[in-house]
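Coordinate analysis (summary)
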Amino acid sequence: EAGVTQFPSHSVIEKGQTVTLRCDPISGHDNLYWYRRVMGKEIKFLLHFVKESKQDESGMPNNRFLAERTGGTYSTLKVQPAELEDSGVYFCASSQDWSPGGYTFGSGTRLTVV
Amino acid sequence: SQQGEEDPQALSIQEGENATMNCSYKTSINNLQWYRQNSGRGLVHLILIRSNEREKHSGRLRVTLDTSKKSSSLLITASRAADTASYFCATREMNRDDKIIFGKGTRLHILP
């Protein structure tokens, strides 16, 4: 089965620009999560979708970040306008409805804001 | 809130030696997981240990869990250069089936 896929793998944008990250979860996985690791620090939770609904978005840093999951399939995370402190690696993960196991993570998108 | 806290923050050892990393957490958990991130790459799930388990093995990996002390350790035996990476513990809180919370990670460097 295909894993979790993230696009692009790397993005370099200027401060003030907009960037959209995409995550394709494993087919059939209702749960989709976004995390990010900024400046080599800890990996922080951003939000959790169950199908197309936002179950928990307590980790979203501010209103410059907008996540969507139309139709409960792939998800996008838009940063508008991007700031320097948004640089980091953004990870997406998916899991089945009730998965006692580990999550399957994508390879991440490295975002560099200059 | 921050859950897992790994120590040491950084560890350098000679190839062939064993590496031990520790993780402490604060709340009651369903399970604890260890992940690896190679530089610039994605997160790889290494091993999961449930709250009713005390020890688990997977290849060169050995994980222990002490729920009374709210701590876990990850042992990598006979380290290799390819083990150079950041290692994170992550916990899923008891009675919650949603997000997992990561610690700050341990940077492991295997010296040739």
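Owing to the predicted nature of the structure, the values given are computational and were not obtained by experimental measurement.

Next up on the list: the environment of Thr70(A). Relative to the helices and strands, Thr70(A) is located in the loop between strand S7 (65-68) and strand S8 (75-79). Spatially, the C-alpha atom of Thr70(A) lies 5.9 Å from that of Glu52(A), the residues being 18 residues apart in sequence.

What follows deals with the state of the cysteines. Under the definition given, this model contains 2 disulfides over all chains. Disulfide partner of Cys23(A): Cys92(A), at an S-S distance of 1.8 Å. Taking the torsion about the sulfur-sulfur bond, which here is approximately -65 degrees, the covalent link between Cys23(A) and Cys92(A) counts as left-handed. With Cys23(A) in strand S3 (residues 19-24) and Cys92(A) in strand S9 (residues 88-95), the pair connects residues that are 69 residues apart, well separated along the chain. Take Cys23(A) and Cys92(A): they sit in the same class, and that class is buried. Two residues share a disulfide in this structure: Cys23(B) and Cys89(B), whose sulfurs sit 2.0 Å from each other.

This brings us to a positive patch on the surface. Positive charge collects at one region of the surface, where Lys41(A), Lys44(A), Lys26(B) and Lys104(B) lie side by side. You can see Lys44(A) is positioned in strand S5 (residues 43-50).

Residue and element names in this part refer to chain B. Taking every second residue as pointing to the same face, the buried face of strand S2 (residues 10-14) carries Leu11 and Ile13, while none of Ala10, Ser12 and Gln14 on the other face is buried. Bridge count between S2 and strand S11 (residues 106-111): 5 bridges; the pairing is parallel. In the strand pairing of S11, Ala10 is matched with Arg107.

The rules behind each value
- Residues numbered from 1 in each chain as written.
- Chains lettered and ligands numbered in written order.
- Predicted model: local features only at pLDDT ≥ 70, side-chain atom pairs only at ≥ 80, totals over all residues.
- Heavy atoms only, no water.
- Helix = DSSP H or I, 4+ residues; strand = E, 2+ residues; numbered from the N terminus.
- Disulfide = S-S within 2.5 Å.
- Buried < 20%, exposed > 50% of the residue type's maximum accessible area, 1.4 Å probe, protein only.
- Patch = residues over 30% accessible without salt bridge, like charges linked within 9 Å, V, L, I, M, F, W, Y side chains within 5 Å.
- Areas by Shrake-Rupley, 256 points an atom, 1.4 Å probe, with all protein chains shown as cover.
- Salt bridge = Lys/Arg side-chain N within 4 Å of Asp/Glu carboxyl O.
- Lys, Arg positive; Asp, Glu negative; His and termini not counted.
- Charge placed at Lys NZ, Arg CZ, Asp CG, Glu CD.
- Pairing = 2+ DSSP bridges.

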